[in-house]
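# Topology and contacts: notes
These are the residues of each chain, in order.
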Amino acid sequence: MLQPGPKDASTKAIVLDPVKCIHCGRCVEVCQNIQKVYALEFVSRGFESRIAPAGDISLSDSPCIKCGQCSAHCPVGALVEFSEIPKVWDALGKPEVYPIVQIAPAVRVAIGEAFGLPAGTIVTKKLYALFRRLGFKAVFDTNFGADLTIMEEGSELINRISTGKGAMPLITSCCPAWVDFLEKYYPDLIEHFSSAKSPHEMVGALAKTYYAEKMKIDPASMFVVSVMPCTAKKYEVSRTEDMSSSGYQDVDVSITTRELVRMIKSSGIQFLDLEDEEADNILGSYTGAGTIFGATGGVMEAAIRTAYFLLTGKNLEKIDVDITRGLKGVKTGEIDVNGKKIRIAVAHGTGNVRAVMDELRAAKKAGKPMPYDFIEVMACEGGCIAGGGQPYQVTNAIRRKRTEGIYADDKKSKLRLSHENPDVALLYKDFLDKPLSPKAHKLLHNHYKARPLYYK
Ligand code: SF4
Ligand code: SF4
């Protein structure tokens, strides 16, 4: 019989316990054939056959991008997220700590499945109520950060188009697994990345500056928890060289949807019986454009809605941008903005992304015109609604249901355009000045660097 051996927790995003492995190979399939990362492989054969990082080194020394798709498909818990639950309980139990929480767009549409609700049911306001019962002192929403990301990234796109300065196409950068993938596999394309941080890091930085100033709270006492659909956000939080623009670590801990489910169940709170509540001002309001960040194509669609306004001074007549929607691995098309054609590509699942990046690389090497102006990439198939930290057993049918839930929430929102979020406008008026201002750059933007595929 195999004896308990050392676990591999080196990535601080996922944990591999080889002894639990039953050799089903689902993680190898998803890592090699869906994600095309090749961080995991079978080693040895027969009785001692097991899963291990490629080359049998630690995962942090492998090409792993921390997407967590292996953990979402492992049936026996041999691959799980790196748990930060003890740190959250600890912060909630200390009176001197000011705990703050935020939820990502995709969490609200999937977490209900763990409590018997159909896939795609939105439970945003129950989550707000839950967080207050758990002891959080401020309840924010990452959707606010998504609206803000669009203001910054949309302005960056318009700037690059209108001034001719900055590499085109612009590529979205709000998925940390994708950032890790590009830094490792396509470092020659880093200049195409948007410098905008991901939405939850923006909210974290603003909680410890803007909110702290307004509420007269010592930011050193704040503990920001992000509830994300994602294990890669744990890795992103650890990139402290870029993620401490407030003067402190902007987000202290990121937990997955599954970790929040475990916390709710162990708290004894009857989640489904909670009455709806609202998020807190001034980082809690959002538009439908912020919500659709959770699905593949959503960032692109939200950006197009605002870029159109920034370029023309008018809102789109038809707000829904159909060509960005659906589960096709790579979606391409053109958007007409006042006679100017913006050529777009949307790719999800890193296995699908390589074709688009190879196209860019080839055009660049040959000195040919680039085929696109704006590209959205999400590392997980379907986008964050099917992230590596979401409830188990996702299928394409469930991806569709969660996506429908997200778009239904957008459709029923009074405001569906990021530039119409009144609290985002207030933030610029009172604190940041305008998109891409020096202060916005300091707090909301990021740097990237080439990372070797194998660290040893
Ligand atoms: S987290 Fe993603 S890249 Fe890393 S081993 Fe798992 S599937 Fe592969
Ligand atoms: S697509 Fe979303 S859930 Fe998946 S790794 Fe990227 S940010 Fe995380």
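Note that the structure is a prediction, hence the values are computed from the model and not measured. (Residues numbered from 1 in each chain as written. Chains lettered and ligands numbered in written order. Predicted model: local features only at pLDDT ≥ 70, side-chain atom pairs only at ≥ 80, totals over all residues. Heavy atoms only, no water.)

### Let's talk about the overall build of the protein
For the protein, the helix and strand inventory stands at 15 helices and twelve strands. Taken over C-alpha atoms, the radius of gyration comes to 21 Å for the protein, in line with the 23 Å a tight globule of 456 residues would show. Based on the C-alpha atoms only, the size of the protein along its principal axes is roughly 70 × 60 × 40 Å. Buried positions account for 61% of the 456 residues belonging to the protein. Of the charged side chains in the protein, 58 are positive and 54 negative; the average position of the first set lies 2 Å away from that of the second. (Helix = DSSP H or I, 4+ residues; strand = E, 2+ residues; numbered from the N terminus. Rg over C-alpha atoms; globule rule 2.2 N^0.38 Å. Buried < 20%, exposed > 50% of the residue type's maximum accessible area, 1.4 Å probe, protein only. Lys, Arg positive; Asp, Glu negative; His and termini not counted. Charge placed at Lys NZ, Arg CZ, Asp CG, Glu CD.)

### Overview of the site of ligand 2
Around ligand 2, the neighbouring residues are Cys175, Pro176, Ala177, Pro229, Cys230, Lys233, Met378, Ala379, Cys380, Cys384 and Gly387. Residues belonging to the shell around ligand 2 are distributed by class as follows: nine nonpolar, one polar and one charged. (Near = heavy atom within 4 Å. Nonpolar A, V, L, I, M, F, W, Y, C, P; charged D, E, K, R; others polar.)

### Quick look at the sheet that holds strand 8 (residues 222-228)
Ordered by their spatial adjacency, four strands build an open sheet running 6-5-8-9, and the pairing between neighbours is parallel. Every interior strand has two partners, whereas the edge strands, strand 6 (138-141) and strand 9 (253-256), have only one. Strand after strand, the sheet turns through a mean of 25° between neighbouring axes, direction not considered. Relative to strand 8, strand 5 (residues 98-103) runs parallel, the two being bridged by six bridges. (Pairing = 2+ DSSP bridges. Axes fitted to C-alpha atoms, helices over the stretch in contact; angles between N-to-C directions.)

### Focus: the packing of helix 5 (residues 142-163) against helix 14 (residues 422-432)
Relative orientation of the contacting elements helix 5 and helix 14 amounts to 60°, with a least axis distance of 10 Å. Put simply, helix 5 runs oblique to helix 14. Classified by chirality, the crossing of helix 14 by helix 5 is right-handed. In contact with Phe144, Asp147, Leu148, Met151 and Glu152 of helix 5, helix 14 contributes Asp423, Val424, Leu427 and Tyr428. Looking at the contact of helix 5 with helix 14 residue by residue, the classes come out as six nonpolar, no polar and three charged. (Parallel < 35°, antiparallel > 145°, perpendicular 65-115°, else oblique. Left-handed = near helix turned anticlockwise from the far one by under 90°. Contact = heavy atoms within 4.5 Å.)

### Details of the site of ligand 1
The local shell around ligand 1 consists of Ile14, Cys31, Val37, Ala39, Leu40, Cys64, Ile65, Lys66, Cys67, Gly68 and Cys70. Residue composition of the shell around ligand 1, grouped by class: nine nonpolar, one polar and one charged.

### Considerations on the pattern of salt bridges
When their charged atoms lie close together, side chains carrying opposite charge are able to pair. Scanning the entire structure with this criterion turns up 35 salt bridges. Residues Arg361 and Asp188 are paired through a salt bridge, measuring 2.7 Å at the closest nitrogen-oxygen approach. Of this pair, Arg361 sits in helix 12 (residues 350-366) while Asp188 sits in the loop between helix 6 (176-185) and helix 7 (199-215); the two residues are 173 residues apart in sequence, bridging distant segments of the chain. Residue classification places Arg361 among the partly exposed positions, given a relative accessible area of 23%. Arg451 is the partner of Glu241 in a salt bridge, and the nearest nitrogen-oxygen pair spans 3.9 Å. Taken together, the residues Glu241 in the loop between helix 8 (232-237) and strand 9 and Arg451 in the segment after helix 15 (438-444) connect sequence positions 210 residues apart. (Salt bridge = Lys/Arg side-chain N within 4 Å of Asp/Glu carboxyl O.)

### As for the state of the cysteines
Applying the stated criterion across every chain, the model contains zero disulfides. Lacking any disulfide linkage, Cys74 is separated from the closest cysteine sulfur, that of Cys24, by 6.2 Å. (Disulfide = S-S within 2.5 Å.)

### Thoughts on the sheet that holds strand 12 (residues 374-378)
Think of a sheet as strands paired side by side through backbone hydrogen bonds, with each pair either parallel or antiparallel. Taken in spatial order, the four strands of this open sheet run 7-12-11-10, and their pairing is mixed. Each end of this open sheet is capped by a strand with a single partner; those strands are strand 7 (170-171) and strand 10 (330-337). Examined bridge by bridge, strand 7 and strand 12 share two bridges and lie parallel to one another. Bridging across to strand 12, Leu170 finds its partner in Phe374. Sitting on the sheet, helix 11 (residues 298-312) touches strand 10, strand 11 (340-348) and strand 12, and the angle it makes with strand 12 is about 155°. Running at roughly 140° to strand 11, helix 12 makes contact with strand 7, strand 10, strand 11 and strand 12 of the sheet.

### Points about the nonpolar core
Within the largest apolar cluster, 112 residues are counted, with the highest numbers of intra-cluster contacts made by Leu40, Leu127, Phe131, Trp178, Leu260 and Met357. Counting residues per element, this core draws most heavily on helix 11, which supplies seven residues. If near-sequence neighbours (up to four positions away) are discounted, Leu40 is found in contact with Leu16, Cys27, Val28, Cys31, Gln32, Ile51, Ala52, Pro53, Ala54, Leu59, Cys70 and Leu79. Counting 31 residues, the second-largest nonpolar core is a separate cluster that includes Phe140, Met151, Ala196 and Val237. (Core = buried A, V, L, I, M, F, W, Y, C linked by side-chain atoms within 4.5 Å.)

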